[in-house]
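Residues per chain, in single letters:
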Amino acid sequence: MLSRRHFCCAGALTAATVSLGRAFAADQCAAPTQERQAATSPDDALKELKAGNERFLAQNMRNCDLLGQVRATAGGQYPFAVVVGCIDSRVPPELVFDQRIGDIFSARIAGNVAEDDIVGSAEFATKLAGAKLIVVLGHSECGAIKGAIDGVELGKLTHLLQRIKPAIEANRDAPGEHTAKNKEFVQRVATTNARLAVQDLRRDSQVLRDLATQNELKIVAAMHDVANGRITFLE
């Protein structure tokens, strides 16, 4: 049977544990600051996104006060990374990387292609707004990839899908039928497309090349599996 002293000590210990837990949670949910962004290296940014996806997979996502973050970021933003992703509804970057308001720039376009407006957006996000990492995030079962493989034509989408043709051509010797019905071929093209988008960002932007050369920026490709949520970085 616990004595009064033991009971009080146990209560104090529990209170201290709860307090530490709240302090940790508050730190995890703190809005990005200019100082924290400046202290973040490209490798740090990459580690955080990898850790965030692990939290997502473990269903251990951070539970933050999003309205509080809205208020905290109203005066400015200091994201640490840019995610160039597809518009697919199953791949929301903030969720699959377990990030919150103010953490990342999210540029989304069908097929995650690096067309001119995406490149310009990446230049703003890095050179002017201070992000240290660009992730081109492709995914499995991509409708844009399938459309490009099968030669779909539809309004302005026709031109956009042409940007995926180099990835198809790069896999011209792949085994099996080269149609959207061949899941392995679709995945190969999607992976190649993400890699080529990284090359396009570097090729089409002197700004991004200079930042990367100065080790102030890292540009990488990754693939998201829509069946299980796991993100694999193509390093």
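Everything numeric in this text was worked out from a predicted model, so none of it was measured.

**What to know about the environment of Lys127**
Line of reasoning, step 1. Take Lys127: it is sitting in helix 6 (residues 116–128).
Line of reasoning, step 2. For Lys127 and Leu211, which are 84 residues apart along the polypeptide, the C-alpha to C-alpha distance reads 7.6 Å.
Line of reasoning, step 3. Once you skip the residues sitting within four places of it in the chain, Lys127 turns out to touch Val207 and Leu211.

**Here we look at the nonpolar core**
For soluble globular proteins, nonpolar side chains are generally found buried alongside one another.
Line of reasoning, step 1. Ranked by size, the top nonpolar core spans 43 residues in total, and within it Ile134, Ile145, Ile164, Val189 and Leu201 carry the most contacts.
Line of reasoning, step 2. Counting residues per element, this core draws most heavily on helix 10 (residues 183–204), which supplies eight residues.
Line of reasoning, step 3. The contact partners of Leu201, leaving out residues within four places of it in the chain, are Ala114, Val119, Ala122, Ile134, Val136, Leu208 and Ile219.
Line of reasoning, step 4. In this structure, Val83, Val96, Ala222 and Phe233 belong to the second largest nonpolar core, which totals 17 residues.

**Some thoughts on a nonpolar patch on the surface**
Line of reasoning, step 1. A cluster of nonpolar side chains, Leu66, Leu67, Val70 and Ile101, forms an exposed patch at the surface whose accessible area comes to about 340 Å².
Line of reasoning, step 2. Assignment of secondary structure puts Leu67 in helix 4 (residues 66–72).

**With respect to the state of the cysteines**
Line of reasoning, step 1. Enumeration according to the criterion identifies one disulfide in this entry.
Line of reasoning, step 2. Take Cys86: it sits in no disulfide, and the sulfur closest to it among the cysteines is that of Cys142, at 4.1 Å.

**Points about the packing of aromatic side chains**
Line of reasoning, step 1. One pass over the full model with this rule turns up two aromatic pairs.
Line of reasoning, step 2. Across from the ring centre of Phe233, 5.5 Å away, lies the NZ or CZ of Lys50, which sits over that ring.

**Considering the packing of helix 6 against helix 11 (residues 206–213)**
Axis angle and axis distance: for two packed helices, these are the angle between their axes and the distance between the axes, and together they describe the pair.
Line of reasoning, step 1. Packing of helix 6 against helix 11 leaves a shortest axis separation of 9 Å and a crossing angle of 40°. Judged by the twist between their axes, the crossing of helix 6 over helix 11 is left-handed. Two secondary-structure elements touch here, helix 6 through Ala122, Glu123, Thr126 and Lys127 and helix 11 through Val207, Leu208 and Leu211.
Line of reasoning, step 2. Of the residues assigned to the contact of helix 6 with helix 11, the class counts are four nonpolar, one polar and two charged.

**Looking at helix 3 (residues 42–57)**
Line of reasoning, step 1. A rise of 1.5 Å per residue sets the reference length of helix 3, with its 16 residues, at 22 Å; its end C-alpha atoms lie 23 Å apart and thus fit the reference within 8%.
Line of reasoning, step 2. Those residues of helix 3 hidden inside the fold are in contact with strand 1 (81–85), helix 5 (93–96), strand 2 (104–108), strand 3 (133–139), strand 4 (218–224) and strand 5 (231–233).
Line of reasoning, step 3. Remark: Gln59 follows helix 3 within two positions and exhibits a positive phi of approximately 55°.

**Section: the environment of Ala222**
Line of reasoning, step 1. Inspection of the secondary structure assignment puts Ala222 in strand 4.
Line of reasoning, step 2. Spatially, the C-alpha atom of Ala222 lies 9.9 Å from that of Val83, the residues being 139 residues apart in sequence.
Line of reasoning, step 3. In this structure, Ala222 is in contact with Val135, Val136, Leu137, Gly138, Ala194, Ile231, Thr232, Phe233 and Leu234, ignoring residues within four places of it in sequence.

Conventions adopted
- Residues numbered from 1 in each chain as written.
- Predicted model: local features only at pLDDT ≥ 70, side-chain atom pairs only at ≥ 80, totals over all residues.
- Heavy atoms only, no water.
- Helix = DSSP H or I, 4+ residues; strand = E, 2+ residues; numbered from the N terminus.
- Contact = heavy atoms within 4.5 Å.
- Core = buried A, V, L, I, M, F, W, Y, C linked by side-chain atoms within 4.5 Å.
- Buried < 20%, exposed > 50% of the residue type's maximum accessible area, 1.4 Å probe, protein only.
- Patch = residues over 30% accessible without salt bridge, like charges linked within 9 Å, V, L, I, M, F, W, Y side chains within 5 Å.
- Areas by Shrake-Rupley, 256 points an atom, 1.4 Å probe, with all protein chains shown as cover.
- Salt bridge = Lys/Arg side-chain N within 4 Å of Asp/Glu carboxyl O.
- Disulfide = S-S within 2.5 Å.
- Phe/Tyr/Trp six-rings, centres within 6.5 Å; stacked < 30°, edge-to-face > 60°.
- Lys NZ or Arg CZ within 6 Å of the ring centre and 35° of its normal.
- Axes fitted to C-alpha atoms, helices over the stretch in contact; angles between N-to-C directions.
- Left-handed = near helix turned anticlockwise from the far one by under 90°.
- Nonpolar A, V, L, I, M, F, W, Y, C, P; charged D, E, K, R; others polar.
- Expected span 1.5 Å × (residues − 1).

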